[in-house]
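# Remarks on the overall topology
One letter stands for each residue in the lines below.
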Amino acid sequence: MQSTTLSAGDPIEARCTKCRKNTDHIIITVVEEAPVKVQCSCCNRQHKFRPPTAAKKPAARQASQPRDAERKEWERLRPSMNSEKAKSYSMTDAYKVNNLIDHPVFGLGLVQRLAGSQKVEVLFEGGKKTMRCK
Ligand SMILES: [Zn+2]
């Protein structure tokens, strides 16, 4: 495996909020092989590293529309969900599989999977979302 270790002074493409586009940057600070602080070579402003944004648009469009499979799953499971047992969602709470949560934006949701540390995958009417938790 070839590892290209980033270091201060290396060029990198990043998002600049002042230029409002992806521009060439020079890395100022690297922590654990990830760029943290960069300097824009257009406006010379130093700021936090933000990944270039170009590839993000299609994903955002998909996220707003639940996939058919998730919609069907929701319709199948919805009758077994007792919304009176749902707890208000809080990212400082801990959740278990099959917990019901009540989210201020997404509504009723069923915890389906623990997705790594401090994350749970929740099925909402609008599709699956990964939520932060304790
Ligand atoms: Zn800039």
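Check the entry above for the structure.
What comes next concerns the included structure. (Residues numbered from 1 in each chain as written. Predicted model: local features only at pLDDT ≥ 70, side-chain atom pairs only at ≥ 80, totals over all residues.)

### Let's talk about the overall build of the protein chain
Helix and strand content of the protein chain: 2 helices and 9 strands. Counting from the amino terminus, the protein chain carries its helices and strands in the arrangement β-β-β-β-α-α-β-β-β-β-β. Expressed as a percentage of contacts within the protein chain between residues at least 6 apart in sequence, the contacts between residues at least 24 apart total 29%. (Helix = DSSP H or I, 4+ residues; strand = E, 2+ residues; numbered from the N terminus. Contact = placed C-beta atoms within 7 Å.)

### Points about the sheet that holds strand β8 (residues 119-124)
Pairing in this open sheet of 5 strands is mixed, and the strands run β5-β6-β7-β8-β9 from one edge to the other. The sheet terminates laterally at β5 (87-88) and β9 (127-132), the two strands that pair on one side only. Where β8 lies against β9, 6 bridges are found, and the strand directions are antiparallel. When the sheet's bridge partners are listed, L123 is paired in β9 with K128. (Pairing = 2+ DSSP bridges.)

### What about the nonpolar core?
The nonpolar side chains of a soluble globular protein tend to be buried, and buried together. Counting residues in hydrophobic clusters, the biggest one holds 10 residues: W74, Y89, Y95, I101, L110, V120, V122, L123, M131 and C133. Per-element accounting of this core gives the leading share, 3 residues, to β8. Leaving out residues up to four positions away in the same chain, Y95 has contacts with I101, V111, V120 and C133. (Core = buried A, V, L, I, M, F, W, Y, C linked by C-beta atoms within 7 Å. Buried ≥ 20, exposed ≤ 12 C-beta atoms within 10 Å, placed from the backbone.)

### Things to note about the sheet that holds strand β3 (residues 34-40)
Sheets are built from strands that pair by backbone hydrogen bonding, the pairs being arranged parallel or antiparallel. The strand order β1-β2-β3-β4 describes an open sheet built from 4 strands, whose pairing is antiparallel. Two strands close off the open sheet at either side, each with one partner strand: β1 (11-16) and β4 (46-48). Taken over all neighbouring pairs, the strand axes of this sheet differ in orientation by 50 degrees on average, direction set aside. In terms of strand pairing, β3 meets β4 through 3 bridges, oriented antiparallel. Looking across to β4, one finds that K37 is bridged to K48. (Axes fitted to C-alpha atoms, helices over the stretch in contact; angles between N-to-C directions.)

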